[in-house]
Amino acid sequence: MFALVDCNNFYASCERAFNPYWNGRPVVVLSNNDGCVIARSNEAKKIGIKMGIPAYQIRTEIEQYNIGVFSSNYTLYGDMSNRVMSMLSSYSPNVEVYSIDECFLDFSGFSLYDPKIYGEEIVRSVTKGTGIPVSMGIATTKTLAKVANKFAKKYKGYKGVCIIDTEEKRIKALNRTEISDVWGIGHRHAKRLEKYGIRNAYDFSQMPKNWVRQQMTVVGERTWKELNGEPCIDLEQIAPAKKQICTSRAFGQTIADIEGLKEAVSSFASICAGKLRKQKSCAQSLMVFIHTNNFREDLPQYFKNCVIKLPVPTNSTPEIVHYAIAALQNIYRKGYYFKKAGVILMDIVPDNAIQQNIFDAVDREKHKKLMEVVDRLNSGYSRNNLSLAVQGGRRKWKLKQELLSPCYTTKLNDIIKIKL
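These figures come from a predicted structure and were not determined experimentally.

## Concerning the nonpolar core
Phase 1: Among the nonpolar cores identified, the biggest contains 33 residues, and Val 288, Val 343 and Leu 345 are the most heavily contacted of them.
Phase 2: Secondary-structure elements contributing two or more residues to this core are strand E9 (245-255), helix H11 (258-278), strand E10 (281-292), strand E11 (303-314), helix H12 (317-331) and strand E12 (338-350).
Phase 3: Ranked by residue count, the leading element in this core is H11, at nine residues.
Phase 4: Once you skip the residues sitting within four places of it in the chain, Leu 345 turns out to touch Lys 243, Gln 244, Ile 245, Cys 272, Ala 273, Leu 276, Ala 283, Ser 285, Leu 286 and Ile 320.
Phase 5: Of all hydrophobic cores here, the second largest spans 31 residues; its members include Cys 14, Phe 18, Ile 122 and Ile 132.

In structure tokens form, the structure reads like this:
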């Protein structure tokens, strides 16, 4: 048996965890630079606030319904996610952290436990221990556990836990699950399946296996088997290394001078390099892109990127920043007001499988020791104590902070000052 634990309205719940005033009240969380709605509480959903809608289009609703509006605070969300996953790992020896707010638990060998009672205990303990409400779906496959989780979220009668453990429950659940809501079936496949009269998950599960494989390859066949109760998607206890790493931001104010862009790009490159080292990888190439605000029709538009092949795969911050700035200088043009920039590291390989270059003059052992010291000093609660000089200065590129929620989990002084 597999269990999928999903945090309810995760970003909004994180904001509420440290500000109980918003419990039971509508809350929305905005994207970078307070652009669009990326998370909504149930109360905001009932009002009719749609996912992805630009914030300026719901100003009337915000005032009319007294909606709590927060800028996204990914440091807070990451720390709260770690707390939830840490608690969940104590309930099963085999755990797969699927995303920032989802986790699979393997209940194999738990035959002496009543899954309903055990699941309710987990939901109750995690919700109380972290302040983040969670729901759980339990079934014989991961895909069916996903289906069960949706019902656990939707219907209060399940008390946060829905179990699909009989054929009758499986058929009933699949009949009530739209084909577009099935894990592993994207929007494009859902549209094509609907043309064949396949409206829900049960319709799909009744199609011939050979037809499914022909239409949707082996990936679709795997989903079909899972919906029919045949486990074929294993638990991934070790997250696979990322094949690309990107850091990008929209600026609070447009930037015209190259110095401001250098500060932003060097900081983005530094973040990417840190992520590389964390997953013990190196990048063989990088891309830097910049663009203006396409919504400002009164201003000239410019969109450009530059890809640089690195001489030797690396995860050294000074080296990656050096080439990122070189790429920026290659694409920068005067006379434009830039709204966004980003750095993408590509062609990522393990750091223990590096193809050396006979003409390489960089002391890589020295860089490695330096980065180990920097990562150690910047870890835990003391983040970004050390950075390159090019990352400092006026910081014009930083995002607007008016609505940003406090970093309660990383600033202990703020915790002390909380007044409930």
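Let's pick the thread back up.
## Re the pairing of E10
Phase 1: Of all twelve residues in E10, ten are buried, a share of seventy percent or more.
Phase 2: Bridging between E10 and E12 involves eleven bridges; their strand directions are antiparallel. Residue pairing across strands places Ser 281 opposite Pro 350, the latter belonging to E12.
Phase 3: Bridge analysis of E10 against E11 gives eight bridges, and the strand direction is antiparallel. Bridge pairing in E11 places Met 287 opposite Val 307.

## A look at the sheet that holds E12
Phase 1: If you trace the four strands from one edge of the open sheet to the other, you get E9-E12-E10-E11, paired in antiparallel fashion. Strand pairing shows two members of the sheet lacking a second neighbour, E9 and E11, which therefore form its edges. This sheet shows a mean twist of 15 degrees between the axes of neighbouring strands, independent of strand direction.
Phase 2: Sheet strands touched by H12: E10, E11 and E12. Its angle to E11, the strand with the most contacts, is close to 150 degrees.

## Some details on the side chain of Glu 96
Phase 1: Its place among the elements puts Glu 96 in strand E5 (residues 95-99).
Phase 2: Note on Glu 96: relative accessible area 5%, which makes it buried.
Phase 3: Here the side chain of Glu 96 touches Lys 142 through a polar contact of 2.6 Å, side chain to side chain.
Phase 4: Glu 96 has contacts with Glu 102, Cys 103, Phe 104, Lys 142, Asp 234, Leu 235 and Glu 236, leaving out every residue within four places of it along the chain.

## Some points on the packing of aromatic side chains
Phase 1: Taken as a whole and judged by the stated rule, the model has 22 aromatic pairs.
Phase 2: Taking 5.9 Å as the distance between ring centres and 80 degrees as the angle between the ring planes, the aromatic pair formed by Tyr 302 and Phe 338 counts as edge-to-face. Note that Tyr 302 is positioned in the loop between E10 and E11 and Phe 338 in strand E12, a separation of 36 residues in sequence.
Phase 3: You can call Tyr 302 buried: its relative accessible area is 12%.
Phase 4: Aromatic rings pair up to connect Tyr 91, Phe 107, Phe 110, Tyr 113 and Tyr 118 into one cluster.
Phase 5: Positioned over the ring face of Phe 104 is Lys 142, at 4.6 Å from the centre of the ring.

## Looking at unusual backbone geometry
Phase 1: Not every positive phi belongs to a glycine, and Asn 66 is a case in point at roughly 55 degrees.
Phase 2: Relative to the elements of secondary structure, Asn 66 occurs in the loop between helix H3 (59-65) and strand E4 (68-71).
Phase 3: A positive phi angle, close to 60 degrees, is found at Thr 217, a residue other than glycine.
Phase 4: Structurally, Thr 217 is set in helix H10 (residues 209-227).

## Section: the pattern of salt bridges
Opposite charge on two side chains lets them pair, provided their charged atoms get close.
Phase 1: Tallied over the full model, the rule gives eleven salt bridges.
Phase 2: In this structure, Lys 225 and Glu 221 form a salt bridge, with 3.6 Å as the shortest nitrogen-oxygen distance. Of the two residues, Lys 225 and Glu 221 are both situated in helix H10; the distance of four residues between them amounts to about one turn of the helix. Both residues of the pair, Lys 225 and Glu 221, belong to the buried class.
Phase 3: The salt bridge involving Glu 259 is made with Lys 262; its shortest N-O contact spans 3.9 Å. Here Lys 262 and Glu 259 lie together in helix H11, a separation of three residues that amounts to about one turn.
Phase 4: Under the relative-accessibility criterion, Glu 259 is labelled partly exposed at 42%.

Conventions used here
- Residues numbered from 1 in each chain as written.
- Predicted model: local features only at pLDDT ≥ 70, side-chain atom pairs only at ≥ 80, totals over all residues.
- Heavy atoms only, no water.
- Core = buried A, V, L, I, M, F, W, Y, C linked by side-chain atoms within 4.5 Å.
- Buried < 20%, exposed > 50% of the residue type's maximum accessible area, 1.4 Å probe, protein only.
- Helix = DSSP H or I, 4+ residues; strand = E, 2+ residues; numbered from the N terminus.
- Contact = heavy atoms within 4.5 Å.
- Pairing = 2+ DSSP bridges.
- Axes fitted to C-alpha atoms, helices over the stretch in contact; angles between N-to-C directions.
- Polar contact = N/O pair within 3.5 Å; in protein donor to acceptor, adjacent residues only side chain to side chain.
- Phe/Tyr/Trp six-rings, centres within 6.5 Å; stacked < 30°, edge-to-face > 60°.
- Lys NZ or Arg CZ within 6 Å of the ring centre and 35° of its normal.
- Salt bridge = Lys/Arg side-chain N within 4 Å of Asp/Glu carboxyl O.

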